[in-house]
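Close look at the chain arrangement
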Amino acid sequence: MKILTVCGMGSGSSLILKMNVDSILSKLGVDAEVSACDLGSVGGQSVDLIISTKELQRQLDHYPAKKIFVTNIVNKSDLQKQLEEVLGK
């Protein structure tokens with residue numbers, strides 16, 4: 001599974017989300033390739049899941065991957081709950 005964390009510039013919240021996703025997936029025993037990028041680079045990538053903030057939802061809705069949008073990038077429990085739903089765990 002390929003997962004992409006996205007923020008406006010590709011160096012702040014997307015990296016925090018990536019670290020949190022890596023930690024959660026490890027805890028769940030799920031093997032996935034997780035990358036962080038900026039909003040402008042999403043179109044050139046083929047991924048199964050996009051994770052970003054609710055502020056970017058409108059800009060990301062048209063991409064064909066499954067999506068998770070969070071309101072707080074450091075709230076790992078909310079992120080884990082959403083990841084478990086998407087992954088069927």
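An account of the accompanying structure is given in this report. (Residues numbered from 1 in each chain as written. Predicted model: local features only at pLDDT ≥ 70, side-chain atom pairs only at ≥ 80, totals over all residues. Heavy atoms only, no water.)

1. Points about the pairing of strand E3 (residues 49-53)
Counting buried residues in E3 gives five out of five residues, a clear majority hidden from the surface. One ladder, built from three bridges, connects strand E1 (residues 2-7) with E3; its direction is parallel. Note on E3: the bridge partner recorded for Thr5 is Ile51. With five bridges connecting them, E3 and strand E4 (residues 66-70) associate as parallel partners. By the bridge assignment, Ile51 is partnered in E4 with Ile68. (Buried < 20%, exposed > 50% of the residue type's maximum accessible area, 1.4 Å probe, protein only. Helix = DSSP H or I, 4+ residues; strand = E, 2+ residues; numbered from the N terminus. Pairing = 2+ DSSP bridges.)

2. Observations concerning helix H3 (residues 76-87)
An ideal rise of 1.5 Å per residue puts 16 Å on twelve residues; H3 measures up with 16 Å between its terminal C-alpha atoms. Within H3 the residues assigned to the buried category are Leu79, Gln80, Gln82 and Leu83. For H3, the buried positions fall inside an angular range of 165° around the axis, keeping them on one side. Exposed residues pointing more than 90 degrees away from the buried face of H3 are listed as Ser77, Lys81 and Glu85. Where H3 is buried, its residues meet helix H1 (13-28), E3 and E4. In the segment just after H3, Gly88 is the residue with positive phi, at about 70°. (Expected span 1.5 Å × (residues − 1). Arc of directions from axis to C-beta. Contact = heavy atoms within 4.5 Å.)

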